[in-house]
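Listed here are the chains, written in short residue letters.
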Amino acid sequence: MPKQNGQSDTSLQTDLDALEDKLAAAKARRDAKLGKDDKDDNSLLGMAWRLSTELLASVLVGLLLGWGIDQLFGSQPFGLLIGLGFGIAAGFMSVFRTADAMDAKTGHIPKGDARPELEDED
Amino acid sequence: MASGPMEQFEIDRQVDLFEIAGQTVSWTNSAFWMVASVVAIIAFFILTMRGKLIPGRMQSLGELSYEFIADMVRDTVGPEAMRFMPFIFALFFFILFANLIGMNPYAFTTTSHLAVTATMAIFTILVVVVAGVWKNGFKWFKIFAPAGLPVPMYAIIVPIEIISFIARPVTLAVRLFANMVAGHVMLKLFAIFAAYLVAKGGVTALGAILPIAGTMAIVALEFLVAALQAFVFAILTCVYLNDVYHVDH
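Predicted model only: the values in this text are computed from it and were never measured.

**Student:** Describe the overall build of chain B, and please don't skip the residues or the numbers.
**Tutor:** Secondary structure assignment for chain B yields 6 helices and 2 strands. N-terminal to C-terminal, the α/β element order of chain B is β-β-α-α-α-α-α-α. Looking at the 249 residues of chain B, the share that counts as buried comes to 44%. Taking the contacts inside chain B whose residues are at least 6 apart along the sequence as the reference set, 67% of them involve residues at least 24 apart. For chain B, the exposed area adds up to about 13,600 Å²; of that, 73% sits on carbon and sulfur atoms. For chain B, the distance from the average site of its 13 positive side-chain charges to the average site of its 14 negative ones is 5 Å.

What follows is the structure in structure tokens.
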């Protein structure tokens, strides 16, 4: 009996293997027909929304923090102005950081300063 | 019928329940549709979890959605963050179902209210802070001060980093809320315009074809936006969870 079981198991195994092979072949044919799977989840619309809200929100947060410090210490215009400056800086920093990450993901460009010096920056 | 473009966002107090600190807590249309989307999600996963070896159509939907979120967490944060997967799964499906249910006529879009999206965003960022401190101790606050800078630079960099961290929940909340409001207002405006043109009668009624075509295009776009915004919210949660596990970035 155990022998028979073993036999049926191996036949099942080969059946599954054969199916696996067939699937792989079908997948390869499909890939060849459709080209590489290059649909990106990060659609342009999503990217645009992400960058613009990041810039705007950082500026607003900086402005609000500065205003709050003004209210606390009565240092009227300076907190607001300095907060605005820091907010703009933070906005640009996070936009650059996000854009860098998007580049690294979609264009396979290395992240940060490690990019190749092939093209001119300006 | 609501005729103004903003009337669709009005909160309707259906039953006043009780008071906390002078504020009345009520059962509203918003609460009803939030519960409706949760019920729809539970129904969806009861339907899709039959547990057969060879999955049918519904079961593969459920399995695909699990795989989708699991892959997203694994790819953007790493396998160590899988304990947060249920949280991200819940976020994604709640936003997705709320957005999609909001696309139906007479339904209320709960995600078009800043109170709802801000609650989710603030909770998300609190999860990041609490998990970060839990895991790394107070060393976690080093994410605000990247290593290897000349000392005077820290006076500038630390406030900037703190501001951009506080901006995260703001962007999460505002993006979802603004997307839903803008889309629904646009939809309503086009539809109202078409209705007015038809009501005028005569030759002007023929001009209604243009806004009707526009409405149809916006409906398609809105379904895309509904799914995309749920995805964006979930993937950004993953990106922010990175800070829990990778303090030195």
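Alright, that's what it looks like, and here's the rest.
**Student:** I'd love a proper account of the pattern of salt bridges, names of residues and values included.
**Tutor:** As enumerated under the stated definition, the model contains 4 salt bridges over all chains in all. Taking the shortest distance from any N to any O, the salt bridge between Glu-54 of chain A and Arg-50 of chain A comes out at 3.7 Å. Taken together, the residues span about one helical turn, with Glu-54 of chain A and Arg-50 of chain A both in helix α2 (residues 44–73) at a distance of 4 residues. The closest approach of N and O atoms between Glu-161 of chain B and Arg-97 of chain A, which form a salt bridge, is 3.0 Å.

**Student:** Describe the interface of chain A and chain B, and please don't skip the residues or the numbers.
**Tutor:** Taken residue by residue, the interface counts 20 residues in chain A and 20 residues in chain B. Between chain A and chain B, roughly 1,800 Å² of surface is buried when both sides are summed, and carbon and sulfur atoms account for 78% of that area. In this assembly, chain A and chain B are joined by 1 salt bridge. One can count 2 residue pairs in polar contact (both at pLDDT 80 or more) joining chain A with chain B. Among the secondary structure elements, those contributing two or more residues to the side of chain A that touches chain B are α2 and α3 (76–106) of chain A. Broken down by element, the residue count for the side of chain A that touches chain B peaks at 11 residues, all from α2 of chain A. Taken together, the residues of the side of chain A that touches chain B break down into 9 nonpolar, 7 polar and 4 charged.

**Student:** An account of the side chain of Thr-124 of chain B is requested, with residue identities and associated values reported.
**Tutor:** Residue and element names in this part refer to chain B. Tracing the chain through its elements places Thr-124 in helix α4 (residues 114–136). Looking at Thr-124, its side chain comes within polar contact range of the main-chain oxygen of Met-120, at 2.7 Å. If sequence neighbours within four positions are ignored, Thr-124 has contacts with Phe-87, Leu-91, Leu-172, Phe-233 and Thr-237.

**Student:** I'd like a rundown of the confidence of the model for chain A, residues and numbers included.
**Tutor:** Low pLDDT marks regions whose predicted coordinates should not be analysed in detail. Residue and element names in this part refer to chain A. A residue-level look at chain A finds 66% of positions with pLDDT of 70 or above and a mean pLDDT of 75. Per-element averaging of pLDDT across chain A places helix α1 (residues 2–34) at the bottom with 69 and α2 at the top with 87. Here residues 1–7 scores under 50 on pLDDT; set against residues more than four positions off or in separate chains, the count is 0 contacts. Low confidence marks residues 36–41, where pLDDT is under 50. Its contacts with residues over four positions away, or in another chain, come to 3 contacts.

**Student:** Go over the environment of Met-103 of chain B with me, naming the residues and quoting the values.
**Tutor:** Residue and element names in this part refer to chain B. Checked against the element boundaries, Met-103 lands in the loop between α3 (85–102) and α4. For Met-103, a relative accessible area of 13% puts it in the buried group. C-alpha separation for the pair Met-103 and Ile-20, spaced 83 residues apart in sequence, amounts to 33 Å.

**Student:** How would you summarise helix α2 (residues 57–76) of chain B if you had to cite specific residues and measurements?
**Tutor:** Residue and element names in this part refer to chain B. Taking 1.5 Å of rise per residue, 20 residues should cover 28 Å, and α2 covers 28 Å from first to last C-alpha, within 8% of that figure. Within α2, the full set of buried residues consists of Gln-59, Gly-62, Ser-65, Ile-69, Ala-70, Met-72 and Val-73. As for α2, its buried residues are in contact with α1 (29–48), α3 and α6 (209–245).

**Student:** So what about the packing of aromatic side chains? Which residues, and what values?
**Tutor:** Residue and element names in this part refer to chain B. The final tally for this structure, using the stated rule, is 19 aromatic pairs over all chains. Look at Trp-140 and Phe-144: their rings are 6.0 Å apart centre to centre, the planes differ by 75 degrees, and that puts the pair in the edge-to-face class. The pair Trp-140 / Phe-144 is uniform in exposure class, with both members buried. Among the aromatic residues, ring-to-ring pairing joins Phe-44, Phe-45, Phe-68, Phe-89, Phe-92, Phe-93, Phe-97 and Phe-231 into one connected group.

**Student:** Describe the UniProt feature "transmembrane region" (unreviewed entry) in chain B, listing the residues and the values that go with them.
**Tutor:** Here, the residues flagged by UniProt with the feature "transmembrane region" (unreviewed entry) are residues 31–49, 84–102, 114–134, 143–167, 187–210 and 217–242 of chain B. Overall, residues 217–242 of chain B shows 100% helix and 0% strand. The separation of its end C-alpha atoms is 37 Å.

**Student:** Before we move on, can you summarise the packing of α1 of chain B against α2 of chain B with the specific residues and values?
**Tutor:** Two numbers describe how α1 of chain B lies on α2 of chain B: the axes approach to 7 Å, and their chain directions differ by 115 degrees. Residues Phe-44, Phe-45, Leu-47 and Thr-48 of chain B of α1 of chain B pack against Met-58, Gln-59, Leu-61, Gly-62 and Ser-65 of chain B of α2 of chain B.

About the criteria used
- Residues take numbers from 1 onward in each chain, read along the sequence in its written order.
- All chains are assigned letters beginning with A, and all ligands numbers beginning with 1, in the order in which they are written.
- Reporting in this predicted model follows two pLDDT cut-offs: at least 70 for local features of residues, and 80 or more for side-chain atom pairs to be given and counted; totals over whole chains, interfaces and linings ignore these cut-offs and use all residues.
- To obtain the side-chain values, all non-hydrogen atoms of the structure were included, while hydrogens and water were left out.
- Secondary structure is summarised from DSSP: a helix means a run of H or I of at least four residues, a strand means a run of E of at least two, and numbering begins at the N terminus for each.
- Residue exposure (1.4 Å probe, protein chains only): buried if accessible area is under 20% of the type maximum, exposed if over 50%, otherwise partly exposed.
- In what follows, residue pairs with any heavy atoms lying within 4.5 Å of each other are defined as contacts.
- Exposure was quantified through the Shrake-Rupley algorithm and a 1.4 Å probe, taking into account, for residues, occlusion by the shown protein chains and nothing else.
- Within this scheme the basic residues Lys and Arg register as positive and the acidic residues Asp and Glu register as negative, but His and the chain ends are omitted.
- By convention, the charge on Lys lies at NZ, on Arg at CZ, on Asp at CG and on Glu at CD.
- Throughout this description, the term salt bridge denotes a Lys or Arg side-chain nitrogen within 4 Å of a carboxyl oxygen of Asp or Glu.
- Buried area counts how much accessible surface, traced with a 1.4 Å probe, disappears from two parts once they are put together, with both parts' losses summed.
- Polar contacts, as counted here, are pairs of nitrogen or oxygen atoms within 3.5 Å of one another; within protein the pair requires one atom able to donate a hydrogen and one able to accept it, and residues that are adjacent in sequence qualify only if both atoms are side-chain atoms.
- As a working rule, the residues Ala, Val, Leu, Ile, Met, Phe, Trp, Tyr, Cys and Pro are called nonpolar, Asp, Glu, Lys and Arg charged, and the rest polar, with Gly in that last group.
- Confidence scores labelled pLDDT are given residue by residue by the predictor and lie between 0 and 100.
- What a helix is expected to span follows from its residue count: subtract one and scale by 1.5 Å.
- For Phe, Tyr and Trp, rings pair up if their centres lie within 6.5 Å, where Trp contributes its six-membered ring, and each pair is then called stacked (planes under 30 degrees apart), edge-to-face (over 60) or tilted (otherwise).
- UniProt positions are given in the numbering used here, feature names are shortened, and annotations may be inferred rather than shown by experiment.
- Lines fitted to C-alpha atoms define the axes here, with helix axes fitted over just the stretch in contact, and angles between the N-to-C directions of these axes take values from 0 to 180 degrees.

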